[in-house]
Amino acid sequence: MRFVADGLVAAAILTAGLALGAAVGETSIPVETVAKTVANRLWSAGYALDPIDEGIVWNYRIARALVAACCGASLALGGVVLQSLLRNALADPYILGISAGASSGAVAVAILGLGSGFVSLSLGAFAGALLAFGLVALLALGAGRGPAAIILAGIAGSQLFNALTSLIVTKSATADQARGIMFWLLGNLSGVRWPDVSLAVPVTLGGLLICLLHARALDAFAFGSRSAASLGVPVKRVYAVLIAACAFMTATMVSIVGSIGFVGLVIPHAARLIVGVRHGRLLPASALIGATFMIAADVLSRTVIPGQVLPIGVMTALVGAPAFALILIHRPVAR
């Protein structure tokens, strides 16, 4: 019964967040109109609505809110998994270079045309994400495997792939391409449409399912990989599956909206304060909080400055950095 109650509460929170994302913007639209638009489109309810309002809600805002929710959930899940596997409170897809590698892969496909049209933007981002994490892992192994080595290797990897992205843009992009890419790299939901939803939703739900199936294994990793192995956890297989899932979720979201920081770092810590450290509850809680946070950040990015839309990555950093500082003060990271 508690599982059902938690699920209903989560569904209500997510629905409210999506309704807020669809109603609030440059032009405010009543929530009732949002609900009637959904009813018309999904169940042919036949409500008489202003065609302009209905078009804005369905073709633009609902799709944007859904992708924002998927992006927040995926990055938060990646943060939970990486922090658990690496036993490092500072691990997340952004700091470990996965986001930077995905950006480089996507930019290489978009500007250099790598793959001759056979490689999609998402596949290029995924390849870049795996390459970046592989490089970080090799650097960390050479430096001694400790938490500090992993973080330092991640910083080095991030700087390398960010520099590679800048080099590609500077040398090969036209002026229009350069402007578009640089704005996209800061996080941009303005061009999101329903085809992006059809990609983001299955990837997020699939990633959540994979993570939940390994929740007990992640609990075991709290005591280290050796302890997990002694408890019967197939350590290498779990590492490979979960790292690949994190890389694929991150790469997919980067290919759609660009590189966004702080979500995978802050949200897992906030979720632990609310539901504890057991991954059976921590994973879905992090996904829900991450989804809600990204929807709220997107709404703020469209409304905080009248007539101007801020990059979503700027908004998550402006909100996430102070929030992370408060979390550190409330519960300092163990040495």
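All values reported here derive from a predicted model rather than from experimental measurement. (Residues numbered from 1 in each chain as written. Predicted model: local features only at pLDDT ≥ 70, side-chain atom pairs only at ≥ 80, totals over all residues. Heavy atoms only, no water.)

Q: In this structure, what is going on with a nonpolar patch on the surface? I would like to understand it.
A: Taken together, Leu-186, Leu-300, Val-314, Leu-318 and Val-319 make up a surface patch of nonpolar side chains, about 380 Å² in accessible area. Secondary-structure assignment places Val-314 in helix α14 (residues 312-330). What makes Val-314 partly exposed here is its relative accessible area of 30%. (Patch = residues over 30% accessible without salt bridge, like charges linked within 9 Å, V, L, I, M, F, W, Y side chains within 5 Å. Areas by Shrake-Rupley, 256 points an atom, 1.4 Å probe, with all protein chains shown as cover. Salt bridge = Lys/Arg side-chain N within 4 Å of Asp/Glu carboxyl O. Helix = DSSP H or I, 4+ residues; strand = E, 2+ residues; numbered from the N terminus. Buried < 20%, exposed > 50% of the residue type's maximum accessible area, 1.4 Å probe, protein only.)

Q: Is there a simple way to explain helix α12 (residues 263-275) in this structure?
A: Since one α-helical turn is 3.6 residues long, residues separated by three or four positions face the same way. Under the 1.5 Å per step criterion, the end-to-end length of α12 is 18 Å for 13 residues, consistent within 8% with the ideal 18 Å. Three or more residues of α12 are buried, namely Val-263, Gly-264, Leu-265, Val-266, Ile-267, Pro-268, His-269, Ala-270, Ala-271 and Arg-272. Where α12 terminates, the next one or two residues include Gly-276, which has phi positive at roughly 95 degrees. (Expected span 1.5 Å × (residues − 1).)

Q: Can you walk me through the UniProt feature "transmembrane region" (unreviewed entry) in the protein chain in this structure?
A: Per the UniProt annotation, the sites labelled "transmembrane region" (unreviewed entry) are residues 62-82, 94-115, 121-141, 148-169, 199-218, 239-267, 279-297 and 309-329. Strand forms 0% of residues 239-267 and helix 83%; the C-alpha atoms that close the span are 22 Å apart. Secondary structure within residues 279-297 divides into 100% helix and 0% strand; the distance between the first and last C-alpha atoms comes to 26 Å. (UniProt positions renumbered as here; feature names shortened; annotations may be inferred.)

Q: How should the environment of Leu-212 be read in this particular structure?
A: Tracing the backbone through its elements, the reader meets Leu-212 in helix α8 (residues 194-213). Between the C-alpha atom of Leu-212 and that of Pro-284, which follows or precedes it by 72 residues, the distance is 8.0 Å. Leave out the neighbours within four places in its chain, and Leu-212 touches Gly-280, Leu-283 and Pro-284. (Contact = heavy atoms within 4.5 Å.)

Q: How do you make sense of the packing of aromatic side chains when you look at a structure like this?
A: What describes a pair of aromatic rings is the distance from one ring centre to the other and the angle between the planes of the rings. Scanning the entire structure with this criterion turns up 3 aromatic pairs. The interplanar angle of 80 degrees and the centroid separation of 5.3 Å between the aromatic rings of Phe-221 and Tyr-239 together place this pair among those described as edge-to-face. Here Tyr-239 lies in helix α11 (residues 235-257) and Phe-221 lies in the loop between α9 (215-220) and α10 (225-230), a separation of 18 residues in the sequence. Assessed through its relative accessible area of 26%, Tyr-239 is described here as partly exposed. (Phe/Tyr/Trp six-rings, centres within 6.5 Å; stacked < 30°, edge-to-face > 60°.)

Q: What am I meant to see in the packing of helix α4 (residues 98-112) against α11 here?
A: Each packed pair of helices is defined by two parameters, the angle between the axes and the distance between the axes. Contact pair α4 / α11: the axes reach a minimum separation of 9 Å and the direction vectors enclose 50 degrees. One way to sum up the angle between α4 and α11 is to call them oblique. With respect to the hand of their crossing, α4 and α11 are arranged in right-handed fashion. Contact residues: α4 offers Ile-98, Ser-99, Ala-102 and Ser-103, while α11 offers Ala-247, Thr-250, Ala-251 and Val-254. Here the contact of α4 with α11 is built from residues that sort into 5 nonpolar, 3 polar and no charged. (Axes fitted to C-alpha atoms, helices over the stretch in contact; angles between N-to-C directions. Parallel < 35°, antiparallel > 145°, perpendicular 65-115°, else oblique. Left-handed = near helix turned anticlockwise from the far one by under 90°. Nonpolar A, V, L, I, M, F, W, Y, C, P; charged D, E, K, R; others polar.)

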